[in-house]
Amino acid sequence: MSKRLFIAEKPSVAQEFARILGVNARRGDGYLESEDTIVTWCVGHLVTMSYPEVYDEAMKKWALDTLPFLPDTFRYEIIPNVKKQFMTVSGLLNREDVDTIYICTDSGREGEYIYRLVDQMAGVPDTKTKLRVWIDSQTEDEIKRGIREAKPMAEYDNLSHSAYLRAKEDYLMGINFSRVLSLKYGYWLNNNFQNEKWTSVSVGRVMTCVLGMVVTREWEIRNFVKTPFYRVLGTFSLEGKTFQGEWKAVEGSRYFASPALYKENGFKEKEKAQELIDSLMKPESVSSMEPESVSSVIETVEKKKEKKNPPLLFNLAELQNLASKLFKISPDETLAIVQELYEKKLVTYPRTDARVLSTAVAEEIGKNLRGLQGYEQAAPYLSYISENQTYKGLKKTRYVNDKQITDHYAIIPTGQGLSALKSLGAVQTKMYEVIVRRFLSIFYPPAVYQKLNVTVKAGQERFFTSAKVLLEEGFLPVSQYSFTKKKSPSEITRSDEEDDAEETNSDDLREILGQLKKDMPVDLTECTMKEGETSPPKRYNSGSMILAMENAGQLIEDEELRAQIKGSGIGTSATRAEILKKLFNIDYLKLNTKTQIITPTLKGELVCGIVRYSMPAMLSPKLTASWEKGLTGVAEGEISEEEYMEKLTGFVSQLVGTVKAGDNRGQLNAYYRLASGHYKPVKKGGKSKQS
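Residues numbered from 1 in each chain as written. Predicted model: local features only at pLDDT ≥ 70, side-chain atom pairs only at ≥ 80, totals over all residues. Heavy atoms only, no water.

Undergrad: What is the right way to look at the environment of M121 in this model?
TA: For M121, the position within the fold is in helix α4 (residues 109-122). Residue class for M121 comes out partly exposed when judged on its relative accessible area of 30%. C-alpha separation for the pair M121 and Y76, spaced 45 residues apart in sequence, amounts to 7.8 Å. Ignoring anything within four residues of it in the chain, the contact list for M121 reads V47, Y76, E77, I78 and F86. (Helix = DSSP H or I, 4+ residues; strand = E, 2+ residues; numbered from the N terminus. Buried < 20%, exposed > 50% of the residue type's maximum accessible area, 1.4 Å probe, protein only. Contact = heavy atoms within 4.5 Å.)

Undergrad: Teacher, can you tell me more about empty space enclosed by the protein here?
TA: The gaps left among the atoms become clear once a water-sized probe is rolled over them. Counted under the stated rule, the structure contains four cavities of 30 Å³ or more. Space inside the second largest cavity adds up to approximately 60 Å³. If you trace the second largest cavity, you find it lined by V13, F17, C104, T105, D106, S107, V133, I135, Q138, Y342 and Y349. Among the residues forming the lining of the second largest cavity, the class breakdown is seven nonpolar, three polar and one charged. (1 Å grid on protein atoms, 1.4 Å probe; cavity = no way out; pocket = protein on both sides within 12 Å on 5 of 7 lines; lining within 4 Å. Points joined across faces, edges and corners; volume = space filled by probe spheres on them. Nonpolar A, V, L, I, M, F, W, Y, C, P; charged D, E, K, R; others polar.)

Undergrad: Looking at this structure, how should I read the packing of helix α3 (residues 83-93) against α4?
TA: Pairs of packed helices are described in terms of their axes, by the angle between the two and the distance that separates them. In the contact formed by α3 and α4, the axes pass within 10 Å of each other and the chain directions differ by 70°. Our classification of the angle between α3 and α4 gives roughly perpendicular. Across the interface between the two elements, F86, V89, S90 and L93 of α3 pack against Y115, V118, M121 and A122 of α4. A class-by-class count of the residues in the contact of α3 with α4 yields seven nonpolar, one polar and no charged. (Axes fitted to C-alpha atoms, helices over the stretch in contact; angles between N-to-C directions. Parallel < 35°, antiparallel > 145°, perpendicular 65-115°, else oblique.)

Undergrad: Help me understand the packing of aromatic side chains in this model?
TA: Given two aromatic rings, their pairing is described by the distance between the two centres and the angle made by the two planes. Taken as a whole and judged by the stated rule, the model has 26 aromatic pairs. Ring geometry for Y342 and Y349: centres 5.5 Å apart, planes at 85°, overall edge-to-face. As far as the burial class goes, Y342 and Y349 line up, both buried. A centroid spacing of 5.8 Å and a plane angle of 75° characterise the contact between W627 and Y644, whose relative ring orientation is edge-to-face. On the criterion of sequence distance, the pair formed by W627 in helix α21 (residues 621-635) and Y644 in helix α22 (residues 641-661) is long-range, its members being 17 residues apart. For the pair W627 and Y644, one class covers both residues: buried. Aromatic rings pair up to connect Y55, F69, F74 and Y171 into one cluster. Over the ring of Y540 we find R217; its NZ or CZ atom is 4.3 Å from the centre of that ring. Cation over ring: K647 sits above W627, and NZ or CZ is 4.8 Å from the ring centre. (Phe/Tyr/Trp six-rings, centres within 6.5 Å; stacked < 30°, edge-to-face > 60°. Lys NZ or Arg CZ within 6 Å of the ring centre and 35° of its normal.)

Undergrad: Is there a simple way to explain the sheet that holds strand β15 (residues 447-458) in this structure?
TA: Taken in spatial order, the six strands of this closed barrel run β10-β11-β16-β15-β14-β17, and their pairing is antiparallel. Neighbour to neighbour, the strand axes of the sheet diverge by 35° on average, direction disregarded. Strand contacts of helix α8 (residues 270-280): β10 (228-238), β11 (241-248), β15, β16 (461-472) and β17 (521-533), with the helix running at about 175° to β17, the strand carrying the most contacts. (Pairing = 2+ DSSP bridges.)

Undergrad: I'm lost on the pattern of salt bridges in this one. Help?
TA: As a working rule, side chains carrying opposite charge can pair if their charged atoms are close by. Under the defined criterion, the tally for this structure stands at 38 salt bridges. With its nearest N and O atoms 3.9 Å apart, the salt bridge here joins K581 to D332. A residue pair is termed long-range when its members are at least 10 positions apart, and K581 in helix α19 (residues 576-585) and D332 in helix α10 (residues 331-343) qualify at 249 residues. Its relative accessible area of 23% is what places D332 among the partly exposed residues. The partner of R665 in a salt bridge is D663, with the nearest N and O atoms 2.7 Å apart. Its relative accessible area of 45% is what places D663 among the partly exposed residues. Salt bridges linked by common partners bring R109, E110, R166, E169, D170, R205 and E628 together as one network. (Salt bridge = Lys/Arg side-chain N within 4 Å of Asp/Glu carboxyl O.)

Undergrad: In this structure, what is going on with the nonpolar core? I would like to understand it.
TA: One recurring pattern in soluble globular proteins is that nonpolar side chains are buried together. Formed by 94 residues in total, the largest nonpolar core has its most connected members in L93, F177, L181, V210, M545, M615 and M618. Sorting elements by how many residues they give to this core places helix α6 (residues 157-191) first, with 14 residues. If we skip the residues at most four places from it in the chain, V210 touches M545, M549, I570, I579, L580 and L583. A8, F314, L424 and I435 belong to the second-largest nonpolar core, a separate cluster that totals 76 residues. (Core = buried A, V, L, I, M, F, W, Y, C linked by side-chain atoms within 4.5 Å.)

Undergrad: Sorry if this is basic, but what is going on with the confidence of the model for the protein chain here?
TA: It should be kept in mind that the predicted coordinates are not to be read in detail where pLDDT is low. Averaged over the protein chain, the pLDDT score is 89; the fraction of residues at 70 or greater is 89%. Taken together, the stretch residues 285-289 has pLDDT below 50 and engages in three contacts with residues farther than four places along the chain or on a different chain. When the criterion is pLDDT under 50, residues 492-505 qualifies, and its contacts beyond four places in sequence or with other chains add up to 28 contacts. (pLDDT = per-residue confidence, 0-100.)

Structure (structure tokens):
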């Protein structure tokens, strides 16, 4: 009797497949079997790429004359500590009674690579039917759908090519660049640490670029020179009520385009700001003995409604960024938590770059909503969604876009597995609430504000003020987490970007909103000077670093702009957290676990310096992102394997040749003197500490 074999990536996933398929009898270690079905599993990777010495024993010793190392055919081997499970899986794949294989590894590039390597090493004949199961969650319905709609493995060949090329790229760059830089500059690096005979230089396609981003930001902060500036604020009175406006040197001002200005709303020197104040506030009148000022009048009043839409749904990067702020946890901790929620069927697949849903999912979204009825935090909002049937028009909104989805749609609650909530830890429970509230908010209307912009003319100078009034809350109450302090309407209204004048006068302006009209006279009762200074760039925290990686080195806060450049990131949603973790583990970067702020170590700075003077291309976020975009092109069938490998080997060969021919120790010594001054001296056998 012929049998079908299901192979999952992890034992826990395999057990869920076995439960759904009714496979209960255990027949041996590493698999489950029933009359017509077998379920087995990998334990992550079972196969890896061989080290260079497997190709040639001479490669075991690092030497410049063996570089560049560019094999014509790549070799692979079984990972020793999982050999037993590989042998089990290999035996099952090649069993004569198994005629159909269902590939159930994670639905993504890395999951594809895990199975393909096993298939390759096990020598599974192509005479067997091989079907790919592609799922977005681990709910029973989704698993059954995935099995029912499984496609021939060959339809995922381009994704497989991309996966193999990604591994070859990381392998070739890592081995060649780490060896050549270590051989050229390892002793120089060791001279500054004195804790071992020779210090290797670890280089990677993505991690070195990320290291460079952090080090570059650190140098920007160190070299930043604060610039003081002086703003002028005017207090105006109307029928006993006051509001404040900020002076700006617009056209018509005596200071328009003056070299004395710092931007249009401040002066470089205190004296100039005082000069303006004196010109606006006249000396005391002899008759009244009270201060006078120039006549002031409302020049323009602009009222308009503004809408604030619910934000797009979470992809992994967005969730990691928010979790860093809310919970002060690192990206790899966030991924582990969301992975747990996924395995408990509570949310959809976490390793996704998409922030929208597919049309197919939108058509069935009622199932997700109905499933949330038993969730306490969702109950108050589900009645509105049901009564107004807002889910019916979801397909026509910006939250559904098939073109913006590659492997998986955004992270949303499945509406299932709610019984598992009782077993979750505190942070896991909060993370689930965050995901649910973001999901529910897209079924609510936008928040609506009344925006008031007022220009006051005082003599030939002008003051500007603005305020917002929240007219309709829309989705805002949905986004108020139960575990944070509840915001008042004024706090919800006010944005982080509003200036001091708006913050000061918002409440008063709301009261006189309907009274202000063009040409209305007002009294300038006071002019004050406010000193400020320019701020240095902010250090990356673990969340903003993930966003910067997603956006090719640009920390873009605007979500619409981020959506426009999607697909040009450094690394992938599945790898970014692990890359950061590796940089922490090898002591190139350090993470403050309380604040999640990332800073370089002295060792990391020196390695960055070595790369900067030897192969600066490895520090370019745009170039690194272009490699990732190339892999996407392979996955989509737009670029051939041969084209990509030709470009890759040429790049590696060129950079290795440049390093071998150069000697940058003079520049590096100067670099070290500049960098080391910001760290405490390195003790023998110890680590540097940043001052």
